Amino acid sequence: MPTNWPGAIARKPQSEAGRSSTTAYLLVDGFSMMAFVAATEPLRIANRIAGETLYRWQLVSASGAEVTASNGMRVLVDARLEEITGSVRLAVCSGFLDESSPSRAVLTRLRALDGAGAVLGGIDTGCFALAEAGLLDGQTVTLHWESLPAFRERYPLVHAVESLYEIGSRRFSCAGGMAATDMALAGLAREHGPDLADAVAEQLIHDRARDPASRQRLSIVKRLGIHNAALVRAIALMETHLEPPLSLALLAQRVGRSPRQLQRLFETELHTTPQAWYRDLRLDHARLLVEATDRPLAEIALAAGFSSATAFSRAFRNRFGQAPSGLRRH
């Protein structure tokens, strides 16, 4: 590359930077195209800026057949999973609420790769496959916030957090979407220096490197356009205490208001009651559990703060237009 090319940077010598790195992406039907592209484009741009092949990638499916992304696009792959051997780096790419168990052959192969020293990771909901294979016990991982409740329910031995990405010695994960770019930039900075990572971010018009511990969702202030500190705190408490829910009296006490004052805040700022707001949050949480876990409906109803399965079913139908049993996967 010409040294006067805009964005040209001083790189580590090849002996320092190491050989080119290859990542195999195991694409699962319904995988998030957005997250996949966000993970791979920074690598392509890094190669272009550096003027050499620092990174390679290989697309893989369980059978070697083409895979359909969540947006309906069909993607050809380079190999089937059985052909991936040795101490490779492999990322499992899946999509929204895709927590279905992989085949026994896939799980066996993932365990074999781990035994061979592979570095394994998940993009978006990819950690479900790794956890099902028993490869994440005791590890800290992340995945898309909508899938966290179901994941925590199914794999209690895994420490699942709501961060953008997590990078360990032999495990990595990200929440999907643009968090995949944040993870890729962090890897670039660590492997080839911050100058290259900054140059790639500039090409992506990605103006700031987000800390891995940053929350996935917008702040309550930005999401709802509210600024009252007590109201923001009350909603935050509701979102983090869904099972079991807190009483109105305890919520009010924790934010330094009386129940009546808290009631007025919700009515004035959000045109609803705290009870109705909390109920809807709990129903949204319950819907994720209904769709993505095998937890009994009666148990979900009690955990969501409903006195009976009948009351839960009625409230669920009023909010979503169908009974919870209608959403359950068979």
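Owing to the predicted nature of the structure, the values given are computational and were not obtained by experimental measurement.

Remarks on the nonpolar core
Here is step 1 of the chain: Residues Tyr25, Leu27, Phe31, Phe36, Ile123, Leu188 and Val200 are the most contacted members of the largest nonpolar core, which totals 38 residues.
Here is step 2 of the chain: Taken together, the elements giving at least two residues each to this core come down to β1 (21-27), α2 (33-50), β2 (55-61), β6 (89-94), β11 (171-174), α6 (179-192) and α7 (194-203).
Here is step 3 of the chain: For this core, the leading source of residues is α2, giving 10 residues.
Here is step 4 of the chain: What Leu27 contacts, discounting residues up to four positions off in sequence, is Phe36, Leu59, Val60, Ser61, Val67, Val75, Val77 and Cys93.
Here is step 5 of the chain: Within the second largest apolar cluster, 30 residues are counted, among which are Val60, Ile84, Val141 and Ala160.

Examining the packing of aromatic side chains
Here is step 1 of the chain: This model, assessed by the stated rule, comprises nine aromatic pairs.
Here is step 2 of the chain: Both rings, one in Phe312 and one in Phe316, keep their centres 5.6 Å apart while their planes meet at 65°; by these two values the pair is edge-to-face. You can see Phe312 and its partner Phe316 sitting in helix α14 (residues 309-320), four residues apart, about one turn around the helix. Across this residue pair, the class does not change: Phe312 and Phe316 are buried.
Here is step 3 of the chain: Counting every residue linked through ring pairs, the aromatic cluster contains Phe306, Phe312, Phe316 and Phe320.
Here is step 4 of the chain: Note that Arg282 overlies the ring of Phe306, its terminal NZ or CZ placed 5.3 Å from the centroid.
Here is step 5 of the chain: The ring centre of Phe320 lies 4.8 Å from the NZ or CZ of Arg287, which sits over that ring.

Things to note about the side chain of Ser32
Here is step 1 of the chain: Note that Ser32 resides in the loop between β1 and α2.
Here is step 2 of the chain: Given a relative accessible area of 12%, Ser32 falls into the buried group.
Here is step 3 of the chain: Discounting residues that sit within four places of it in the chain, Ser32 has contacts with Ser70, Ser94, Gly95 and Asp124.

Looking at the environment of Leu110
Here is step 1 of the chain: Summarising the element assignment, Leu110 is placed in helix α3 (residues 104-115).
Here is step 2 of the chain: By relative accessible area, Leu110 is classed as buried at 0%.
Here is step 3 of the chain: Among all residues touching Leu110, those that are not within four sequence positions of it are Leu90, Leu120, Ala129, Leu130, Ala133 and Leu135.

A closer look at the packing of helix α9 (residues 229-240) against helix α12 (residues 274-292)
Here is step 1 of the chain: Between α9 and α12, the shortest axis-to-axis distance is 10 Å and the interhelical angle comes to 35°. The hand of the α9/α12 crossing is right-handed. In this structure, α9 contributes Ile235, Met238 and Glu239 to the contact, and α12 contributes Pro274, Trp277, Tyr278 and Leu281.
Here is step 2 of the chain: Across the contact of α9 with α12, the residue classes tally to six nonpolar, no polar and one charged.

A word on the sheet that holds β6
Strands in a sheet are paired, the pairing made by backbone hydrogen bonds, and the direction either parallel or antiparallel.
Here is step 1 of the chain: Taken together, seven strands build an open sheet; the order of strands is β5-β2-β1-β6-β7-β11-β10 and the sheet is mixed. Every other strand in the sheet has two partners, leaving β5 (79-80) and β10 (165-167) as the edge strands with one partner each.
Here is step 2 of the chain: Packed onto the sheet, α2 meets β1, β2, β6 and β7 (119-124) and runs at close to 150° relative to β2.
Here is step 3 of the chain: Here α3 sits on the sheet and contacts β1, β6, β7 and β11; the angle it forms with β7, its principal contact strand, is near 130°.

Remarks on the confidence of the model for the chain
Close inspection of predicted coordinates is inappropriate for parts of the model with low pLDDT.
Here is step 1 of the chain: In the predicted model, the chain carries a mean pLDDT of 86, and 89% of its residues have values of at least 70.
Here is step 2 of the chain: This model gives residues 1-18 a pLDDT under 50, and the stretch forms 30 contacts once residues within four places in sequence are excluded.

Thoughts on unusual backbone geometry
Here is step 1 of the chain: Even without being glycine, Ile205 reaches a positive phi, approximately 55°.
Here is step 2 of the chain: Within the secondary structure, Ile205 sits in the loop between α7 and α8 (220-224).
Here is step 3 of the chain: Residue classification places Ile205 among the exposed positions, given a relative accessible area of 77%.
Here is step 4 of the chain: Even without being glycine, His271 reaches a positive phi, approximately 60°.
Here is step 5 of the chain: On the secondary structure map, His271 appears in the loop between α11 (259-270) and α12.

Re the packing of α9 against α11
Here is step 1 of the chain: Packing of α9 against α11 leaves a shortest axis separation of 10 Å and a crossing angle of 100°. As far as their axial angle goes, α11 and α9 are roughly perpendicular. Two secondary-structure elements touch here, α9 through Ala230, Leu231, Ala234, Ile235 and Met238 and α11 through Leu262, Leu265, Phe266, Glu269 and Leu270.
Here is step 2 of the chain: Residues belonging to the contact of α9 with α11 are distributed by class as follows: nine nonpolar, no polar and one charged.

The rules behind the values
Residues numbered from 1 in each chain as written. Predicted model: local features only at pLDDT ≥ 70, side-chain atom pairs only at ≥ 80, totals over all residues. Heavy atoms only, no water. Core = buried A, V, L, I, M, F, W, Y, C linked by side-chain atoms within 4.5 Å. Buried < 20%, exposed > 50% of the residue type's maximum accessible area, 1.4 Å probe, protein only. Helix = DSSP H or I, 4+ residues; strand = E, 2+ residues; numbered from the N terminus. Contact = heavy atoms within 4.5 Å. Phe/Tyr/Trp six-rings, centres within 6.5 Å; stacked < 30°, edge-to-face > 60°. Lys NZ or Arg CZ within 6 Å of the ring centre and 35° of its normal. Axes fitted to C-alpha atoms, helices over the stretch in contact; angles between N-to-C directions. Left-handed = near helix turned anticlockwise from the far one by under 90°. Nonpolar A, V, L, I, M, F, W, Y, C, P; charged D, E, K, R; others polar. Pairing = 2+ DSSP bridges. pLDDT = per-residue confidence, 0-100. Parallel < 35°, antiparallel > 145°, perpendicular 65-115°, else oblique.

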